[in-house]
Amino acid sequence: MTLPAEALCPGFDGFALQQRLVAPTDAHNTITGQPPYRLTVSISDPAIGALRHQVGSTVPGDVLATDNRIPH
């Protein structure tokens, strides 16, 4: 996902922010924890709810969301 620099609050450095959205790794490139910052993106669209209904999903609603966290 690409956001314009104007989406950042004044005074925030985009490159530094990007680095804090990535999970830390060790010398073997193994993920060692969660990213320091969490970014959540959500979309609300009636088509999402319609598709869920069409495929028989038990998840209700028209919102689809994800974030950069590592699943446990």
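Here the structure is shown first, and the text comes after it.
J.: I'm lost on the pattern of salt bridges in this one. Help?
T.: Close approach of charged atoms allows side chains with opposite charge to pair. By the definition in use, this model includes 1 salt bridge. Arg38 is the salt-bridge partner of Asp67, the closest N and O atoms lying 2.6 Å from each other. Here Asp67 is found in strand β2 (residues 63-67), whereas its partner Arg38 is found in the loop between α1 (14-20) and β1 (40-44), with 29 residues between them in sequence. Classification of Arg38 as exposed rests on a relative accessible area of 54%.

J.: Explanation requested: the layout of surface pockets in the structure shown.
T.: In this approach the atoms are scanned with a rolling probe the size of a water molecule, which exposes any empty space left behind. Considering only enclosed or pocket space, the largest pocket measures out at about 290 Å³ in volume. If you trace the largest pocket, you find 13 residues lining it, with Met1, Leu3, Leu17, Leu21 and Leu39 closest to the centre. Residue composition of the lining of the largest pocket, grouped by class: 9 nonpolar, 3 polar and 1 charged.

Reading the values: the criteria
- Residues numbered from 1 in each chain as written.
- Predicted model: local features only at pLDDT ≥ 70, side-chain atom pairs only at ≥ 80, totals over all residues.
- Heavy atoms only, no water.
- Salt bridge = Lys/Arg side-chain N within 4 Å of Asp/Glu carboxyl O.
- Helix = DSSP H or I, 4+ residues; strand = E, 2+ residues; numbered from the N terminus.
- Buried < 20%, exposed > 50% of the residue type's maximum accessible area, 1.4 Å probe, protein only.
- 1 Å grid on protein atoms, 1.4 Å probe; cavity = no way out; pocket = protein on both sides within 12 Å on 5 of 7 lines; lining within 4 Å.
- Points joined across faces, edges and corners; volume = space filled by probe spheres on them.
- Nonpolar A, V, L, I, M, F, W, Y, C, P; charged D, E, K, R; others polar.

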